[in-house]
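Observations on the three-dimensional arrangement
Take a look at the letters that make up each chain.
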Amino acid sequence: MSAPERIPPRSVTTADLLARGELTVRGQIREASNAVLYCSVSHEGREAFCVYKPVAGERPLWDFPDGTLAQREVAAYEVSEATGWGLVPTTVLRDGPYGEGMCQLWIEPSAAEGGDGLLALVEGEEAAEGWKAIGFAEVGEGATALLVHADDDRLRRLAVLDAVINNADRKGGHLLPTQEGRLYGIDHGVTFNAENKLRTLLWGWAGEPLTDEALQVLASLRDALAPGAPLATRLAELVTPAETEATRARVEAMLATGRHPEPSGDWPAIPWPPV
């Protein structure tokens, strides 16, 4: 029997590390609605921190009866990578201490650019320059304030990705800006439903024309999602055929209209709680 393959440290990719490394549970993120474990992972001289969400710790959802939330998280990463925007941290399916689950690279957010840099509650009825209005929120004793998000290219790309994957839960706490100026989105377990369930805080561009960059990315995604293409083949391993077809249809619809989608009115448009 041949000796096991040994990958030199310099060639160990982040995906290799997450998929093949030794997972050590360091703690649990208790505020999450499903089991979320904070882990370290090591492989061939490389180490990192990650989040491990075992399938065994998922709570069943009536409107997402097929597959697992872990598979949907990986599917969201695969689509993100296909856009070239890299908006979702590296995510893999693997076996772990509590069975199969999703393993995702841990992203340390920048304290300097927290919620105040991307989301805010303001007085008045219109967003100031550099901000986009989401809607009014109750702030106690019958008072309301305008909820706004930054008019930020990174958020706008994420809004396009969310529309493609039909994200039903884009909250403020799922936005992770880094010290290096990147922005990541996390928690994509409730995505890819065949029915329109887009629920997000990033409605500021609703109905506005898509950027040229976004249109180019969507055209590329259309090709990548064609039957037999690599991305379509990968999604077939993670979500249902109906959900893959619905993803194609969402891309086609955005290309046909050339605009960001608007709330349908058939589903709550903003997640609750919003953070």
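1. Quick look at the packing of helix H4 (residues 153-165) against helix H7 (residues 241-257)
The interhelical angle for the contact between H4 and H7, taken along N-to-C directions, is 135°, at an axis separation of 8 Å. Comparing their axes, H7 and H4 come out oblique. For the pair H4 and H7, contact is made by Val160, Ala163, Val164 and Ile165 and by Thr247, Arg250, Val251 and Met254, respectively. Class assignment for the residues of the contact of H4 with H7 results in 6 nonpolar, 1 polar and 1 charged.

2. Quick look at the packing of aromatic side chains
In this description, a pair of aromatic rings is defined by centroid distance and the angle of the planes. Scanning the entire structure with this criterion turns up 2 aromatic pairs. Ring centres 4.8 Å apart and planes at 70° place the aromatic pair Tyr38 and Trp106 in the edge-to-face group. With Tyr38 in strand E2 (residues 37-43) and Trp106 in the loop between strand E5 (99-105) and helix H3 (115-118), this residue pair connects regions lying 68 residues apart in the sequence. Overall, Tyr38 belongs to the partly exposed group, its relative accessible area being 23%. The class for Trp106 is partly exposed, based on a relative accessible area of 30%. Members of the aromatic cluster, each reached through a chain of ring pairs, are Tyr38, Phe49 and Trp106.

Scoring rules and cut-offs
Position numbers for residues start from 1 in each chain and track the written sequence from start to end. A pLDDT threshold of at least 70 governs which residues receive local features in this predicted model, and a stricter bar of 80 or more applies before side-chain atom pairs are shown or counted, although totals over entire chains, interfaces and linings include all residues. Hydrogen atoms and water are omitted, and side-chain values are computed over all heavy atoms in the structure. Comment: axis = line fitted to C-alpha atoms, over the contacting stretch for helices; angle = value between 0 and 180 degrees taken between N-to-C directions. The helix and strand labels rest on DSSP assignments: H or I over at least four residues marks a helix, E over at least two residues marks a strand, and numbering proceeds from the N terminus. Note on angle classes: values under 35 degrees are labelled roughly parallel, values over 145 roughly antiparallel, values of 65 to 115 roughly perpendicular, and the remainder oblique. In this analysis, two residues are considered to be in contact whenever any of their non-hydrogen atoms come within 4.5 Å of each other. Classification convention: Asp, Glu, Lys, Arg as charged; Ala, Val, Leu, Ile, Met, Phe, Trp, Tyr, Cys, Pro as nonpolar; all other residues, Gly among them, as polar. Classification of ring pairs rests on two measures: the distance between centres of Phe, Tyr or Trp rings, Trp counted by its six-membered ring, which must be within 6.5 Å, and the angle between planes, read as stacked under 30 degrees, edge-to-face over 60 and tilted in between. Each residue is assigned to one of three classes by its accessible area relative to the maximum for its type, calculated with a 1.4 Å probe on protein chains only: buried under 20%, partly exposed between the two thresholds, exposed over 50%.

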